[in-house]
Amino acid sequence: MSYINYVCGVYIIVLHVALEGYQSRLDIKRSPHPFQAQLDYLNRLVKDSDIDCHEQLRVNRHTFMCLCTLVRSVGLSNSKYVLLEEKVAMFLNVIAHDYNNHNIKFNFMRSGQTVSQYFNDVLKAILRLQGVLLKTPEPITANCTDDRWRCFRYYIV
């Protein structure tokens, strides 16, 4: 009888230790510095590789940094908790993937109000840069020799 009690006791201890290990794997630990996690995500988007940057933001790293410099030149800057690069990355993520506020809020670990505010700020800055970013089209004349426009020759006024 004591042998059965001993085996049952060992079995209960082993089962208890196994369940504690399983339970500890389920616990999600929050970072003591959430700002660091946000910077890590931004670095993964922009600084790790051109491939990741292009897949997520639809621009390479050089173009992203040039856009950030242009946006900074029209008056947009870092805020207390959000870097300018993160604001531009949020904006490009929305534009590139047609993400809504909820997706960006989750990915960048920001509130919906923060995402909306900074999206609008970057959009206004981009609109102020329309003279630099948008090229005005040249009209096609009737004597144009470019083969790409040959099919439109009857429609040119």
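From a predicted model like this one, the values you see are computed outputs, not experimental measurements.

Enquirer: In this structure, what is going on with the nonpolar core? I would like to understand it.
Expert: In summary, soluble globular proteins display a tendency toward joint burial of nonpolar side chains. In terms of nonpolar packing, the biggest core is built from 28 residues, with Leu 57, Phe 64, Val 71, Val 88, Ala 89, Leu 92 and Phe 108 touching the most fellow members. Among the secondary structure elements, those contributing two or more residues to this core are α2 (34–46), α3 (50–57), α4 (61–73), α5 (84–97), α6 (101–108) and α7 (112–128). With seven residues, α5 is the single largest residue contributor to this core.

Enquirer: Whenever I open this one, the pattern of salt bridges confuses me. Can you help?
Expert: Where charged atoms from two side chains of opposite charge approach closely, those side chains can pair. Under the defined criterion, the tally for this structure stands at three salt bridges. Here Arg 61 and Asp 50 are joined by a salt bridge, their closest N and O atoms 3.1 Å apart. Here the residue Arg 61 occupies a position in helix α4, and Asp 50 occupies one in helix α3, the gap between them amounting to eleven residues. A relative accessible area of 31% means that Arg 61 is categorised as partly exposed. Residue Asp 50 is classed as partly exposed on the basis of its relative accessible area, which comes to 35%. Note that Arg 72 and Glu 85 form a salt bridge whose closest N and O atoms lie 3.7 Å from each other. With a gap of 13 residues between them, Arg 72 in helix α4 and Glu 85 in helix α5 connect regions that are remote in the sequence.

Basis of the calculations
- Residues numbered from 1 in each chain as written.
- Predicted model: local features only at pLDDT ≥ 70, side-chain atom pairs only at ≥ 80, totals over all residues.
- Heavy atoms only, no water.
- Core = buried A, V, L, I, M, F, W, Y, C linked by side-chain atoms within 4.5 Å.
- Buried < 20%, exposed > 50% of the residue type's maximum accessible area, 1.4 Å probe, protein only.
- Helix = DSSP H or I, 4+ residues; strand = E, 2+ residues; numbered from the N terminus.
- Salt bridge = Lys/Arg side-chain N within 4 Å of Asp/Glu carboxyl O.

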